Amino acid sequence: MAKQITDTCTLHNGIKMPLLGLGVYKMEDNEQAVDSIKHAVKVGYRSIDTAAIYKNETAVGKGIKESGVPREELFITTKVWNSDQGYQPTLDAFETSMKKLGLDYLDLYLIHWPVVESYKETWKAMEKLYEEGKVKAIGVCNFHQHHLEDLMKSAVIKPMVNQIELHPLLNQQELRDFCTSNEMAIEAWSPLARGRLLDHPLLVELAGKHGKTPAQMILRWDLQHGIITIPKSVTPRRIEENADLFDFELSPEEMKLIDEMNTNERTGQNPDNFHFDF
């Protein structure tokens, strides 16, 4: 049970990953992003999640450097984009990301989407980076069970993380069960369903009962399920609010009520139908 902001889960290779992190999707590559990261670290966040396609790795690197927290206390994730997949292109993309971030090593490197023609070669490159010690953990994003089963036919190393769209309207229970049975941690992107759930009657009711916000109900639900969650915000007050999750607990009955909100409704693309941007 998550009791403080520094709580972690242990990936199948023994690496500890914070359960709560800051997502930086759609943050501009400017001082606002730098300041957001510095404020998040000051509040207690230790995990920052970016991606090459977000085009803000330079600001993330600057924020990390200016945070005043030793590098080894932080957990930094970035991702290889679709047009950079394949063996050598992935290795090249990794070096580009590392230069922008200004880091000597990465904590977690992810395949951003399952580009069917190339994700197996991409994974070989990820395994190489891992074996060379340039990355502490490797994983995937947006992989359905059939993608994972296909990848593991040729993989030497199982993915340590699968980052997927996950929120009460899309709780991904079957995929979560599969990943758990294969020792893969689940990480939720868009945990707040891009704001669509913040006036949901059940969440509003539960928030009132606990003296919290609907967003905090969702994030606490994630944590109590052992789901890594990375809400995004550039607002200092919201960054603080998204981390204020450790002085209350949802009951089993409340957890079940939120579980039952599931309608398999996505706010983003279905990985099987994604029109990859090359």
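Our subject is the structure that appears above.
Reference entry: report on the structure contained in this document. The shown structure was predicted, so the numbers you read here are calculated from the model rather than taken from an experiment.

Criteria and cut-off values
Residues numbered from 1 in each chain as written. Predicted model: local features only at pLDDT ≥ 70, side-chain atom pairs only at ≥ 80, totals over all residues. Heavy atoms only, no water. Buried < 20%, exposed > 50% of the residue type's maximum accessible area, 1.4 Å probe, protein only. Helix = DSSP H or I, 4+ residues; strand = E, 2+ residues; numbered from the N terminus. Pairing = 2+ DSSP bridges. Right-handed = clockwise from strand over helix to strand, strands pointing away. Axes fitted to C-alpha atoms, helices over the stretch in contact; angles between N-to-C directions. Parallel < 35°, antiparallel > 145°, perpendicular 65-115°, else oblique. Left-handed = near helix turned anticlockwise from the far one by under 90°. Contact = heavy atoms within 4.5 Å. Nonpolar A, V, L, I, M, F, W, Y, C, P; charged D, E, K, R; others polar.

1. What about the pairing of strand β8 (residues 161-165)?
Residues in a regular strand point their side chains to alternate faces of the sheet. In terms of residue burial, β8 counts as a mostly covered element, since 5 of its 5 residues are buried. Bridge count between strand β7 (residues 138-141) and β8: 2 bridges; the pairing is parallel. Residue pairing across strands places V140 opposite N162, the latter belonging to β8. Between the parallel elements β7 and β8, the chain passes through helix α5 (residues 145-152) in a crossover that is right-handed. Relative to strand β9 (residues 185-189), β8 is paired through 5 bridges, and the arrangement is parallel. Paired with V161 across the strands is A185, a residue of β9. After leaving β8, the chain enters helix α6 (residues 173-181) and then returns to the sheet as β9, a path that is right-handed.

2. Concerning unusual backbone geometry
Phi at K55 takes a positive value of approximately 55°, unusual for a residue other than glycine. Assignment of secondary structure puts K55 in the loop between β4 (47-49) and α2 (57-66). Although it is not a glycine, R194 sits at a positive phi angle of roughly 55°. Here R194 lies in the loop between β9 and α7 (201-210).

3. Side note on the packing of helix α1 (residues 31-43) against α2
Contact geometry of α1 with α2 gives a least axis separation of 8 Å together with a crossing angle of 40°. In terms of axis orientation, α1 runs oblique to α2. Along this stretch, α1 crosses α2, giving a crossing that reads as right-handed. Judged by residue contacts, E31, A33, V34, I37 and K38 of α1 engage A59, V60, K62, G63, I64 and E66 from α2. Grouping the constituent residues of the contact of α1 with α2 by class yields 6 nonpolar, 1 polar and 4 charged.

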